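Fold and contact review
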Amino acid sequence: MTQFDVDLFVIGGGSGGVRAARIAANYGAKVMIAEEYRIGGTCVIRGCVPKKLMVYASRFADEFHDAAGFGWTVGETSFDWATLIRNKDEEIDRLEGIYRANLERAGVETINSRAVIEDAHTIHILKTGARIRARYILVAVGAHPTLEPAIPGGELGITSNEVFHLETQPRRIMVVGGGYIAVEFAGVFAGLGSDVTLVHRGDKLLRGFDEDVRDALGEAYAQRGINLALKTTVTRLDKAADGIAATLSDGSVVTVDQVLVATGRRPNTKGLGLEKVGITVDEVGAIPVDTYSQTLIPSIYAVGDVTNRVNLTPIAIREGHAFADTVFGRKPTIVDHDLIPTAVFSTPEIGVIGCGEAAARQVYGDIDVYKTAFRPMKATRSGGSERVLMKLVVDKATDKVVGVHIMGHDAGELIQLAGIAVTMGATKADFDRTVAVHPTAAEELVTMRTPVVVKKPVAVG
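Remember, it's a predicted structure, so these values are computed and weren't measured experimentally.

**A closer look at the overall build of the chain**
- Broken down by element type, the chain carries twelve helices and 21 strands.
- A compact globule built from 461 residues would reach a C-alpha radius of gyration of about 23 Å, and the chain, at 24 Å, matches this within 12%.
- Considered along the principal axes of its C-alpha atoms, the chain spans approximately 70 × 65 × 60 Å.
- Counting every position in the chain, which comprises 461 residues, the buried fraction comes to 49%.
- Long-range pairs, those at least 24 residues apart, make up 62% of the contacts in the chain between residues at least 6 apart in sequence.
- For the chain, the accessible area works out to roughly 22300 Å², and carbon and sulfur atoms hold 53% of it.
- The chain carries 50 positive and 56 negative side-chain charges, and their two centres are separated by 2 Å.

Written out as structure tokens, the structure reads:
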């Protein structure tokens, strides 16, 4: 390898890049990885992991309340934001150390600098000015949250990056958006006792999810005291004597301490040097790739959120692993982006895999739908108002379960297991002959026997 310094140079030390680097090194490749911020990427540093810790924190208030119905007397409670943030930071530091150690053990050299592409095989290290020649380059730089769409005073808002580092808990917060990040943080702050207003331009939260799930989450959030401003946008932000005055499209003005904008993310491709090698990004800045994550330049690949295919950490990891298997393991591997179990860590939690009811009708035509909604056993004594929703969507022609939708406690855990069955092609008959575990909420997944009757529109004329 006289003309190359390394076999693989990875730009970006997030989940996808780290996995690709480690697996490639395990195949015997000489690997370097460059990260300008912190190893671990969005998920570990300022995404999934710290968010989940905050979700846990937000749910203790419900536990304290529920305890009385089971004979417990809980004394006066209080919450300290600074303690949560400090402990969250300690955990992130620990995880970053593990990521770095794993790279070192695999023999990967880590460079703490921004790196840009100069040509199809050359990387420029900005901190030192060094230039590295690589047989292959993998771009895994992820994406960043934006304050879009631009509005007057928009700079007064914060994104999901800054929210993890607030010095104090906002007593009043406005969350703008209706996707994963927006609904999760709205649930977090409501659980911690903040006054939450959730502004979304659509008529329901979580576009793309099954309609029953969307309706159920909206009802649950309203019951939890979250002020839902749907079919509404923020038109301007202004500094006020006691916070930030947010003017809404209906003319109302809401004054809050923080405005969290969670309306979208864009790939981190600006200034990366892609244009130098003839790679043109799409309208949102994503790198076009084929099914093997290869760009139009044979030596350059890209994985994860920078490709804007499916922006989930496990997918970035799977893509990074598949890249290493394909290029260095001589095992061509394609990642299936069609059937992905996923969770929304709202409160109540949501877990889904496969098609929603409307999508399934378009794809499969004739379907059966099994649905149940009930009060969980714990709530019968706690006095809680929470409800559990479970829904199965079945292709009539094959009897295959093509969609599972759950809202309720530990839905994320449940959908991981249900996802195995659906990925294997389980039929409704397979679900039916599975013995129920009683008493659990999950047993409803295998005890629903009668499909719901769906009213079809009557033709007129």
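Back to the text.
**Structural notes on a nonpolar patch on the surface**
- A contiguous nonpolar patch, built from Tyr56, Phe60, Phe64, Phe70, Trp72 and Val74 and spanning about 670 Å² of accessible area, is present on the exposed surface.
- For Val74, the location among the structural elements is in the loop between α3 (48-67) and α4 (81-106).

**Details of the sheet that holds strand β12 (residues 243-248)**
- Taken in spatial order, the three strands of this open sheet run β11-β12-β13, and their pairing is antiparallel. For this open sheet the edge positions go to β11 (234-240) and β13 (253-256), each flanked by a neighbour on one side alone. Each strand axis lies, on average, 25° off the axis of its neighbour in the sheet, ignoring direction.
- Note: β12 against β13, four bridges, orientation antiparallel.

**Re the pairing of β11**
- Here β11 runs beside β12; their pairing, made up of six bridges, is antiparallel. Bridged to Lys239 within β12 is Ile244.
- The loop that links β11 with its antiparallel partner β12 comprises two residues.

**Observations regarding the sheet that holds strand β14 (residues 258-261)**
- Taken in spatial order, the four strands line up as β10-β9-β8-β14 in an open sheet, and their pairing is parallel. Two strands in the sheet have a free side with no partner beyond their single neighbour: β10 (227-230) and β14. Taken pair by pair, the neighbouring strands of this sheet meet at an average axis angle of 20°, ignoring direction.
- Pairing of strand β8 (residues 172-176) with strand β9 (residues 195-200), which is carried by five bridges, proceeds in the parallel orientation. The partner of Val175 across the bridge, within β9, is Leu198.
- The strands touched by helix α5 (residues 180-191) within the sheet are β8, β9 and β14, with β9 carrying the most contacts at an inclination of about 165°.

**Focus on the packing of helix α1 (residues 15-26) against helix α7 (residues 313-327)**
- In contact at an axis separation of 7 Å, α1 and α7 are set at 25° when each is read in the N-to-C sense. With respect to α7, the axis of α1 lies roughly parallel. For the element pair α1 and α7, the recorded crossing hand is right-handed. Contacts between α1 and α7 involve Ser15, Gly16, Arg19, Ala20, Ile23 and Ala24 on the former and, on the latter, Thr313, Ala316, Ile317, Gly320, His321, Phe323, Ala324 and Asp325.

**A look at the side chain of Asn161**
- By the secondary structure assignment, Asn161 is in the loop between β7 (143-145) and β8.
- For Asn161, the side chain forms a polar contact with the side chain of Arg46, separated by 3.4 Å.
- Contacts of Asn161, omitting those with residues within four sequence positions, involve Arg46 and Pro145.

**Things to note about the nonpolar core**
- Ranked by size, the top nonpolar core spans 39 residues in total, and within it Leu198 and Ile350 carry the most contacts.
- If you list the elements that add at least two residues to this core, you get α3, α4, β8, α5, β9, α6 (211-223), β17 (342-344) and β18 (350-354).
- When residues in this core are grouped by element, the largest group, seven residues, is from α5.

**A look at unusual backbone geometry**
- Cis peptide bonds are those with omega within 30 degrees of zero, and the linkage from Glu148 to Pro149 qualifies with -5°.
- Relative to the assigned elements, Pro149 resides in the loop between β7 and β8.
- Here the residue pair Thr347 and Pro348 is connected by a cis peptide bond, since its omega of 10° sits within 30 degrees of zero.
- A positive phi angle, near 70°, is found at Ser293, a position not held by glycine.
- In this fold, Ser293 is placed in the loop between β15 (265-267) and β16 (300-302).
- With a phi close to 55°, Asn308 is a non-glycine residue in the positive phi region.
- Along the polypeptide, Asn308 turns up in the loop between β16 and α7.

**Focus on the pairing of β8**
- Where burial is concerned, most of β8 is hidden: five out of the five residues are buried.
- On β8, burial covers both faces: Arg172, Met174 and Val176 on one face and Ile173 and Val175 on the other are all buried.
- The sheet contact formed by β8 and β14 spans four bridges and is parallel. Within β14, the position partnered with Val176 by the bridge is Val261.

**So, the packing of α1 against α4**
- Interhelical geometry of α1 versus α4 gives an angle of 20° and a closest axis separation of 9 Å. Comparing their axes, α4 and α1 come out roughly parallel. Relative to α4, α1 is oriented so that their crossing is left-handed. Each of Ser15, Val18, Ala21, Arg22, Ala25 and Asn26 in α1 lies in contact with α4, whose residues at this interface are Tyr99, Asn102, Leu103 and Ala106.

**Focus on the pattern of salt bridges**
- Applying the stated criterion across every chain yields a total of 32 salt bridges.
- Across the pair Asp366 and Lys396 runs a salt bridge whose closest N-O atoms are separated by 4.0 Å. Here Asp366 is found in the loop between α8 (357-364) and β19 (367-374), whereas its partner Lys396 is found in the loop between β20 (388-395) and β21 (401-407), with 30 residues between them in sequence.
- Here Asp366 falls in the partly exposed class, since its relative accessible area comes to 46%.
- Take Lys396: its relative accessible area is 44%, and that puts it in the partly exposed class.

**Structural notes on the confidence of the model for the chain**
- Here the chain shows a mean pLDDT of 95. Residues at 70 or above account for 98%.
- Note on residues 457-461: pLDDT under 50 across the span, and zero contacts to partners over four residues away in sequence or across chains.

Conventions adopted
- Residues numbered from 1 in each chain as written.
- Predicted model: local features only at pLDDT ≥ 70, side-chain atom pairs only at ≥ 80, totals over all residues.
- Heavy atoms only, no water.
- Helix = DSSP H or I, 4+ residues; strand = E, 2+ residues; numbered from the N terminus.
- Rg over C-alpha atoms; globule rule 2.2 N^0.38 Å.
- Buried < 20%, exposed > 50% of the residue type's maximum accessible area, 1.4 Å probe, protein only.
- Contact = heavy atoms within 4.5 Å.
- Areas by Shrake-Rupley, 256 points an atom, 1.4 Å probe, with all protein chains shown as cover.
- Lys, Arg positive; Asp, Glu negative; His and termini not counted.
- Charge placed at Lys NZ, Arg CZ, Asp CG, Glu CD.
- Patch = residues over 30% accessible without salt bridge, like charges linked within 9 Å, V, L, I, M, F, W, Y side chains within 5 Å.
- Salt bridge = Lys/Arg side-chain N within 4 Å of Asp/Glu carboxyl O.
- Pairing = 2+ DSSP bridges.
- Axes fitted to C-alpha atoms, helices over the stretch in contact; angles between N-to-C directions.
- Parallel < 35°, antiparallel > 145°, perpendicular 65-115°, else oblique.
- Left-handed = near helix turned anticlockwise from the far one by under 90°.
- Polar contact = N/O pair within 3.5 Å; in protein donor to acceptor, adjacent residues only side chain to side chain.
- Core = buried A, V, L, I, M, F, W, Y, C linked by side-chain atoms within 4.5 Å.
- pLDDT = per-residue confidence, 0-100.

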